[in-house]
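Remarks on the overall topology
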Amino acid sequence: MLQRYTHVAIVLHWIIAVLIVANVLLAWTWPNLADAQVRPAIDLHKSIGITILGLALLRILWRLGHRPPPLPQGYARWEVGASHIVHWGLYLILFAMPLTGWIMDSAYKDAASHPMFLYGLFEWPRLGFIMALDPATKKAVHDGFGEAHEIIAYGVYALVALHLAGAIKHQWLDRSQELQRMWFGRR
């Protein structure tokens, strides 16, 4: 019998996945946008990042109280190990990307005069202890966390590719109905 993830885990998985794709597309797109469209794209990217951070926290809290279904039998040991590494790497990145972005944004030299609004609805707080740094330290923090944000993006690409490759391999080559575990359906 096919064992699926809980409905909450499925919803969180797919919302986070869609938001990650949206944020990657925004980051790839804004260098080609007209000047008037760049700032709104970056602001949307920040709002989505904060949303991912909140949803990742919910996902971890849900996971602590709800064990995922066991992997189907027959997986090689290396596949089980790779699955765990990729999943925990994805969890790590769900926190690392938004946090490095938030720190970088808080260290932006003009952060105090350019508030950040979550989806244009209300002001999202910057990290005050970072905004209070002296200008030279703030620039170093901005540049360092900006570089970390970009480097971690390559981890996102790699881990998402591995996650998708594993799911596709198990679904179509092994015929193990791997994808159905993360879709809604009858239990």
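The paragraphs below set out a description of the structure included in this document.

The rules behind these values
- Residues numbered from 1 in each chain as written.
- Predicted model: local features only at pLDDT ≥ 70, side-chain atom pairs only at ≥ 80, totals over all residues.
- Heavy atoms only, no water.
- Helix = DSSP H or I, 4+ residues; strand = E, 2+ residues; numbered from the N terminus.
- Contact = heavy atoms within 4.5 Å.
- Salt bridge = Lys/Arg side-chain N within 4 Å of Asp/Glu carboxyl O.
- Buried < 20%, exposed > 50% of the residue type's maximum accessible area, 1.4 Å probe, protein only.
- Core = buried A, V, L, I, M, F, W, Y, C linked by side-chain atoms within 4.5 Å.

Relative to the elements of secondary structure, His-13 occurs in helix H1 (residues 7-29). Apart from residues no more than four positions distant in its own chain, His-13 is found in contact with Arg-59, His-163 and Met-182.

Moving on to the pattern of salt bridges. With the rule as written, the count across this model stands at six salt bridges. Between Arg-39 and Asp-43 there is a salt bridge, with the nearest N and O atoms lying 3.7 Å from each other. Placement of both Arg-39 and Asp-43 in helix H2 (residues 35-65) is noted, with a separation of four residues, approximately one turn of the helix. The class of Arg-39 is partly exposed, set by a relative accessible area of 42%. Lys-46 is the partner of Asp-105 in a salt bridge, and the nearest nitrogen-oxygen pair spans 2.6 Å. Pair noted here: Asp-105 is in helix H3 (residues 77-106) and Lys-46 is in helix H2, with a separation of 59 residues, a long-range link. Here Asp-105 matches Lys-46 in class, with each residue buried. Three or more residues are tied together by salt bridges with common partners; here these are Lys-46, Asp-105 and Arg-126.

This part takes up the nonpolar core. By size, the foremost hydrophobic cluster in this structure holds 11 residues: Leu-12, Ile-16, Leu-19, Leu-26, Ala-41, Ile-48, Ile-52, Leu-55, Ala-56, Tyr-91 and Leu-94. Breaking this core down by element, the ones donating at least two residues are H1, H2 and H3. In terms of residue count, the dominant contributor to this core is H2 (five residues). Discounting residues that sit within four places of it in the chain, Leu-55 has contacts with Leu-12, Ile-15, Ile-16 and Leu-19. Counting residues in hydrophobic clusters, the runner-up holds 10 residues, among them Ala-107, Met-116, Leu-118 and Leu-127.

In short, geometric facts, not functional conclusions.
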